[in-house]
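Here is what each chain is made of, one letter per residue.
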Protein chains: 2
Amino acid sequence: MKRKITLKQIARELDVSISTVSKALRNSPEISEDTKQKVQAFAKLYNYKPNNIALSLKNRKTNTIGIIIPEIVHHFFSKVIRGVELVANKRGYNVIVGLSNESFSKEVINMEMLANGSIDGFILSISKETLQLQDYHHFNETMDQGMPVVMFDRVVSDIKCDKVIVNDFGGAKRAVEKLISNNCKQIALITTKDYVSVGKLRTQGYMEALKESGFELKSSLILKLDDRLDYEVHLEALEKEIEQLFKSNTAIDGVFAVNELYALSAMKVARKLGLEIPRDVQVIGFTDGVLSKHSTPSLSTVSQHAQIMGERAADLLINKLETVSTEAEEEYQTIVIETDLIERESTK
Amino acid sequence: MKRKITLKQIARELDVSISTVSKALRNSPEISEDTKQKVQAFAKLYNYKPNNIALSLKNRKTNTIGIIIPEIVHHFFSKVIRGVELVANKRGYNVIVGLSNESFSKEVINMEMLANGSIDGFILSISKETLQLQDYHHFNETMDQGMPVVMFDRVVSDIKCDKVIVNDFGGAKRAVEKLISNNCKQIALITTKDYVSVGKLRTQGYMEALKESGFELKSSLILKLDDRLDYEVHLEALEKEIEQLFKSNTAIDGVFAVNELYALSAMKVARKLGLEIPRDVQVIGFTDGVLSKHSTPSLSTVSQHAQIMGERAADLLINKLETVSTEAEEEYQTIVIETDLIERESTK
DNA sequence: TTGTATGCGTTATCAT
DNA sequence: ATGATAACGCATACAA
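Residues numbered from 1 in each chain as written. Chains lettered and ligands numbered in written order. Predicted model: local features only at pLDDT ≥ 70, side-chain atom pairs only at ≥ 80, totals over all residues. Heavy atoms only, no water.

1. Points about the protein's contact with DNA strand D
Taken together, 27 residues surround DNA strand D, and among them A:Thr20, A:Lys23, A:Thr35, B:Leu7 and B:Tyr48 come closest. Across the atoms of DNA strand D situated within 4 Å of the protein, the share located in sugar and phosphate is 60%. At 2.7 Å from a phosphate oxygen of DNA strand D is found a side-chain nitrogen or oxygen belonging to A:Thr35. Note that a base nitrogen of DNA strand D is positioned 3.4 Å from one of the side-chain N or O atoms of B:Lys23. (Near = heavy atom within 4 Å. Polar contact = N/O pair within 3.5 Å; in protein donor to acceptor, adjacent residues only side chain to side chain.)

What follows is the structure in structure tokens.
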């Protein structure tokens, strides 16, 4: 077992100084061709590679970016990671992952752990608990220390930083407009409580679409679910709520749901109640998920382009890292990713 | 914007030496209560945290583990990551993620990048291309340099290292036995080409189950798909192959598929051909996926406990990292994770 | 009780 | 053309 070789060892073996070795390997013109040859050959033979940690310390730059997400077992977030990874690697960076598990304290701890020199900047999406508590001190402190932060998807306007978001409002609006143009008269909304920013925006898109088309808003058609409950686990609870919605509004002929699971559950419940999709009820979801594509009937959905979000976020962060910050000009930008309406079998 | 504070700055401010500060912060008995108080108060005020990179360099230990997987947008792998992350964080480690994207060269590059000091050890699952090429030099070289490697799921016996695998053979066997005991007489297998180790093992489980029950093996009932094709994209191609299978074996009354997508496609095709599930055909898949649970009918499946695999792998690696290697005793272990058969609506 | 010196691996600056 | 030295931030053995 040969341990990783260092400059020092090469120097000792070849009986030259460390700095000579270093220069020779970087092809410095200061060094004679002879020595270069010798050193480079030796280095290749022993497969020398500079130690990243030493470089990081010296350069005060790790070439690593930290990404903190609420949950990795989630198609949307893993696609974002893939996007980040893709761009990061292409531009010479590594990616280190932290999971907040939707918890405030884990988010804080994870960020502190990484902020102590391990990474050059953050890409993150805020946990639900943090959104509820509205405690954003850790973000601000991190940025105060000169560590750039790019937020994606779940963001808050109070925080001054670069952001990449989905056009939740517009995507939702277009989805509902589609239902309207498909002749739906009673369009239900299945959404989350308002503290989830994206849920709120999608809800607003729904309302705006109805308003513009001259529909009246019926609050009985809106089901706001508390997604602190893990509905992956409590699926029956979810279905019960939706069933209630359908039963108290028998004329529902369209459903817009702010995520995939809600949409699928709506289809399931509707079918159970003897309604046929899309003949009796048309359904559109909001997601980048895999369920939509493979469900029966397959689900029409607003696609979020998660991977592109990751790519944009990574580019934004790395640009900031590699630009000589002329201080003062603290200009933050927000990139809005447009959505696509993917029409499948759940709409006419 | 106050940059991160260092020992040196604290020392200068308080007019003591760096080592005094260092000792005071670590509560060394060498230092007087007075100075300790002063230093600790100051440190807390300025929120001092030791620089990870400096510590890593000094200790020659990064407390970071690298995980290399073929694909992150995949329920199985992201669950494994979650397991790794969970244990790693609990034990004071960070996780850095590299994606091979099923490519040999990306796998090699990614490993080299991380092996140069960034991490203490690897957890990885081999890419398909690497499995085909059977070129494992990068794994061996990494281990030669004293960096421990734990492989999971996709492993090869040629490589001497710790491993965490699923009981693919047993899981498949039990699934097929279930179909048999449910009175299936013509059980088809939808699997991958043999170079994918897990596919091969599951195929063997299928065969063994049939053999033990005295069934004859009919090669016409076995469909081996080349999964270099991305069937997520070429879904129609997949369905066509399966349709062919059903048409040339009209008596098929059971299907065992080695993954979720194959199983779902089988159900879809069967329905299209007028067969009802599970009345006419019973189907069992193999996976940890989310599709199975939400499909209609929901899919009975062999669960792999991906998160547990990640946890075990992390424990294995960290144990190795933290044990004083008495050299010589190079004992590697292979942990086998048992599967569960989850019965849902696609079986009787 | 406090401070000095050394080293982790590297590069850059400044001698020789 | 080559080498000595300092510095990145920290911890520690050893002096004072």
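So much for the structure itself; the text now carries on.
2. Considering the packing of helix H6 (residues 104-115) of chain B against helix H8 (residues 137-144) of chain B
Residue and element names in this part refer to chain B. Two elements in contact, H6 and H8, have axes whose closest approach is 10 Å; the angle formed by their N-to-C orientations is 10°. Put simply, H6 runs roughly parallel to H8. Residues Phe104, Glu107, Val108 and Met111 of H6 lie in contact with H8, whose contacting residues are His137, His138, Phe139 and Thr142. Residues that form the contact of H6 with H8 fall into these classes: four nonpolar, three polar and one charged. (Axes fitted to C-alpha atoms, helices over the stretch in contact; angles between N-to-C directions. Helix = DSSP H or I, 4+ residues; strand = E, 2+ residues; numbered from the N terminus. Parallel < 35°, antiparallel > 145°, perpendicular 65-115°, else oblique. Contact = heavy atoms within 4.5 Å. Nonpolar A, V, L, I, M, F, W, Y, C, P; charged D, E, K, R; others polar.)

3. Details of the protein's contact with DNA strand C
With respect to spatial proximity, 28 residues lie near DNA strand C, and among them A:Leu7, A:Tyr48, B:Ser19, B:Thr20 and B:Lys23 are the closest. Within 4 Å of the protein, the atoms of DNA strand C are drawn from sugar and phosphate moieties in a proportion of 64%. Contact between DNA strand C and B:Ser17: a phosphate oxygen at 3.0 Å from a main-chain N or O atom of the residue. Between DNA strand C and B:Ser32, the relevant distance is 3.0 Å, taken from a phosphate oxygen to a main-chain nitrogen or oxygen of the residue. Of all the secondary structure elements, the ones that give two or more residues to the surface near DNA strand C are helix H1 (7-14), helix H2 (18-25) and helix H4 (52-59) of chain A together with helix H2 (18-25) and helix H4 (52-59) of chain B. Per-element accounting of the surface near DNA strand C gives the leading share, four residues, to H2(A). Within the surface near DNA strand C, the residues separate by chemical class into ten nonpolar, nine polar and nine charged.

4. Comments concerning unusual backbone geometry
Here the bond from B:Ile277 into B:Pro278 is cis, since omega is 5°, no more than 30 degrees from zero. Cis geometry marks the peptide bond from B:Thr296 to B:Pro297, where omega comes out at -5°. Within the element layout of this structure, B:Pro297 appears in the loop between helix H13 (291-294) and strand E10 (300-303). Of note in this structure, A:Glu102 is not a glycine but carries a positive phi near 65°. Note on placement: A:Glu102 falls in the loop between strand E2 (94-99) and helix H6 (104-115). Classification of A:Glu102 by relative accessible area gives partly exposed; the value is 21%. The phi torsion at B:His305 lies on the positive side, around 55°, for a residue other than glycine. (Buried < 20%, exposed > 50% of the residue type's maximum accessible area, 1.4 Å probe, protein only.)

5. Remarks on the relation of the copies chain B and chain A
Relating one copy of the chain to the other requires a rotation about an axis plus a shift along that axis. Relative to chain A, chain B is turned by 180° and slid 0.0 Å along the rotation axis, the superposed coordinates differing by an RMSD of 0.1 Å. Such values leave the two copies arranged in the relation of a two-fold axis. For chain B, the smallest separation between a C-alpha atom and the rotation axis is recorded for B:Ile96, amounting to 2.0 Å. Interface overlap between copies: 100% of the residues of chain B at the interface are likewise at the interface in chain A, consistent with a symmetric, same-surface contact. (Least-squares fit on C-alpha atoms with pLDDT ≥ 70 in both.)

The values reported here are purely geometric and, on their own, carry no functional implication.
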